[in-house]
Amino acid sequence: MSEWAPKRFWKTAEAQATEQGFGIVLDGRPVRTPAKALLTVPSHAIAAKIAEEFAAQEDRIDPRTMPFTRTANAAVDKVAIQHADVADMLADYGDSDLLCYRADGPDELVERQSAAWNPLLDWAEQALNAKLETRVGVMHAPQDPAAVSELRRRVHELSNFELAAFHDLVAISGSLIIGFAAQSGVRTIEEFWASSRVDEIWQQEQWGEDDEANDVADYKKAAFLHANEFLRLLNEQIPV
């Protein structure tokens, strides 16, 4: 952590109900985002997590240890002012979803992709009314416009806070379908992470592990799991 990191200046950090939702107060003063907006979240559970992150800071503030704060700040300062653009960017994954692009060999990899990804595409057809077709190779081939339109509609319906977390589920996995399925909780988040890593795991088995690649994967996994937890807590009610 760099030496210019700001020092902790508060003694207490607490979640507090407001007229707009839930805020976080440090020694009774409300927390603001980097853009100076009041940090107000729709869930007491999220506010409590943010308060815990502030309370856990020691002499100097380390933003790397504050994922709930970062996601909430992003929802207020970034997503709220460009919701449509963020939604469109994520919806575009539906036309080039990871789950649809398959290897032509070897047979074991083809079988692993089918076993991990076909059930998710079947789920999307039933639960999201979006049937996506598979193709062999990596060259882009457009999906049915009706399916893509339906997925786009669902992405645009997400709130600012949902979209901020949903972004990481989709961007990290490369799959809009994994993002929606994770949000729905039809499998464990660990299973979704494994599904997004079928190709990488195969490559590791063939060529061996790489420490740098493993470090990157660990960082992405932590962000992926955090995004899922953020979405879960958005809908969790904790007595105030």
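Structure's up top.
The present account deals with the structure reproduced in this document.

As for the overall build of the protein
Link 1 in the chain: Each helix and strand in the protein was counted, giving ten helices and six strands.
Link 2 in the chain: The burial tally for the protein puts 43% of its 240 residues in the buried class.
Link 3 in the chain: Carbon and sulfur atoms form 51% of the exposed surface of the protein, whose accessible area is close to 12,900 Å².
Link 4 in the chain: The centroid of the 23 positive side-chain charges in the protein is displaced by 7 Å from the centroid of its 40 negative side-chain charges.

As for the layout of surface pockets
Link 1 in the chain: Estimates place the volume of the largest pocket at around 510 Å³.
Link 2 in the chain: Lining the largest pocket we find 20 residues, and of these Arg32, Pro34, Phe54, Thr69 and Asn73 sit closest to its centre.
Link 3 in the chain: It is helix H2 (residues 67-77) that contributes the most residues to the lining of the largest pocket, five residues altogether.
Link 4 in the chain: Each residue belonging to the lining of the largest pocket can be placed in one class, and the counts come to twelve nonpolar, three polar and five charged.
Link 5 in the chain: As for the second largest pocket, its lining consists of 18 residues, of which Arg70, Thr71, Ala164, His167 and Asp168 are closest to the centre.

A few points about a negative patch on the surface
Link 1 in the chain: Residues Glu209, Asp210, Asp211, Glu212, Asp215 and Asp218 make up a contiguous surface patch of negative charge.
Link 2 in the chain: Mapped onto the elements, Glu209 comes out in the loop between helix H9 (198-207) and helix H10 (211-234).
Link 3 in the chain: Judged by its relative accessible area of 60%, Glu209 falls in the exposed class.

Let's talk about the environment of Thr18
Link 1 in the chain: Residue placement: Thr18 occurs in the loop between strand E1 (13-17) and strand E2 (22-26).
Link 2 in the chain: Sequence-wise, Thr18 and Glu157 are 139 residues apart; in three dimensions their C-alpha atoms are separated by 25 Å.
Link 3 in the chain: When residues no more than four places from it in sequence are discounted, the contact partners of Thr18 are Gly23 and Thr40.
Link 4 in the chain: Here Gln20 takes part through its backbone nitrogen, which lies 3.2 Å from a polar atom of the side chain of Thr18.

Quick notes on the nonpolar core
Link 1 in the chain: Within the largest apolar cluster, 67 residues are counted, with the highest numbers of intra-cluster contacts made by Ile50, Phe54, Val155, Leu163, Phe166 and Ile177.
Link 2 in the chain: Discounting residues that sit within four places of it in the chain, Ile50 has contacts with Ile24, Leu39, Val41, Phe68, Thr69 and Ala72.

Some details on helix H4 (residues 107-127)
Link 1 in the chain: For H4, spanning 21 residues, the distance from its first C-alpha to its last is 30 Å, which sits close to the expected 30 Å at 1.5 Å a residue.
Link 2 in the chain: Within H4, the axis deviates most sharply at Trp117, by approximately 35°, and proline Pro119 lies no more than four positions further along.
Link 3 in the chain: By the burial criterion, the buried members of H4 are Leu109, Gln113, Ala116, Trp117, Leu120, Leu121, Trp123 and Ala124.
Link 4 in the chain: Elements that come into contact with the buried residues of H4 comprise strand E5 (101-102), helix H7 (176-184), helix H8 (189-196) and H9.
Link 5 in the chain: One or two positions beyond H4, positive phi appears at Asn129, with a value near 55°.

Some words on the side chain of Thr69
Link 1 in the chain: Along the chain, Thr69 falls in helix H2.
Link 2 in the chain: Note on Thr69: relative accessible area 6%, which makes it buried.
Link 3 in the chain: There is a polar contact of 2.7 Å between the side chain of Thr69 and the side chain of Glu53.
Link 4 in the chain: In contact with Thr69, other than residues within four places in its own chain, are Ile50, Glu53 and Phe54.

Concerning unusual backbone geometry
Link 1 in the chain: Here the residue pair Gly105 and Pro106 is connected by a cis peptide bond, since its omega of -5° sits within 30 degrees of zero.
Link 2 in the chain: We note that Lys36 has phi near 75°; this positive angle belongs to a residue other than glycine.
Link 3 in the chain: Position of Lys36 relative to the elements: it lies in the loop between strand E3 (29-30) and strand E4 (40-41).
Link 4 in the chain: For Asn129, which is not a glycine, the phi torsion comes out positive at approximately 55°.
Link 5 in the chain: Structurally, the position occupied by Asn129 is in the loop between H4 and strand E6 (135-136).

Rules used in this analysis
Residues numbered from 1 in each chain as written. Predicted model: local features only at pLDDT ≥ 70, side-chain atom pairs only at ≥ 80, totals over all residues. Heavy atoms only, no water. Helix = DSSP H or I, 4+ residues; strand = E, 2+ residues; numbered from the N terminus. Buried < 20%, exposed > 50% of the residue type's maximum accessible area, 1.4 Å probe, protein only. Areas by Shrake-Rupley, 256 points an atom, 1.4 Å probe, with all protein chains shown as cover. Lys, Arg positive; Asp, Glu negative; His and termini not counted. Charge placed at Lys NZ, Arg CZ, Asp CG, Glu CD. 1 Å grid on protein atoms, 1.4 Å probe; cavity = no way out; pocket = protein on both sides within 12 Å on 5 of 7 lines; lining within 4 Å. Points joined across faces, edges and corners; volume = space filled by probe spheres on them. Nonpolar A, V, L, I, M, F, W, Y, C, P; charged D, E, K, R; others polar. Patch = residues over 30% accessible without salt bridge, like charges linked within 9 Å, V, L, I, M, F, W, Y side chains within 5 Å. Salt bridge = Lys/Arg side-chain N within 4 Å of Asp/Glu carboxyl O. Contact = heavy atoms within 4.5 Å. Polar contact = N/O pair within 3.5 Å; in protein donor to acceptor, adjacent residues only side chain to side chain. Core = buried A, V, L, I, M, F, W, Y, C linked by side-chain atoms within 4.5 Å. Expected span 1.5 Å × (residues − 1). Bend = angle between axes of the 7 residues up to and from the residue.

By themselves, these observations are geometric and do not establish any function.
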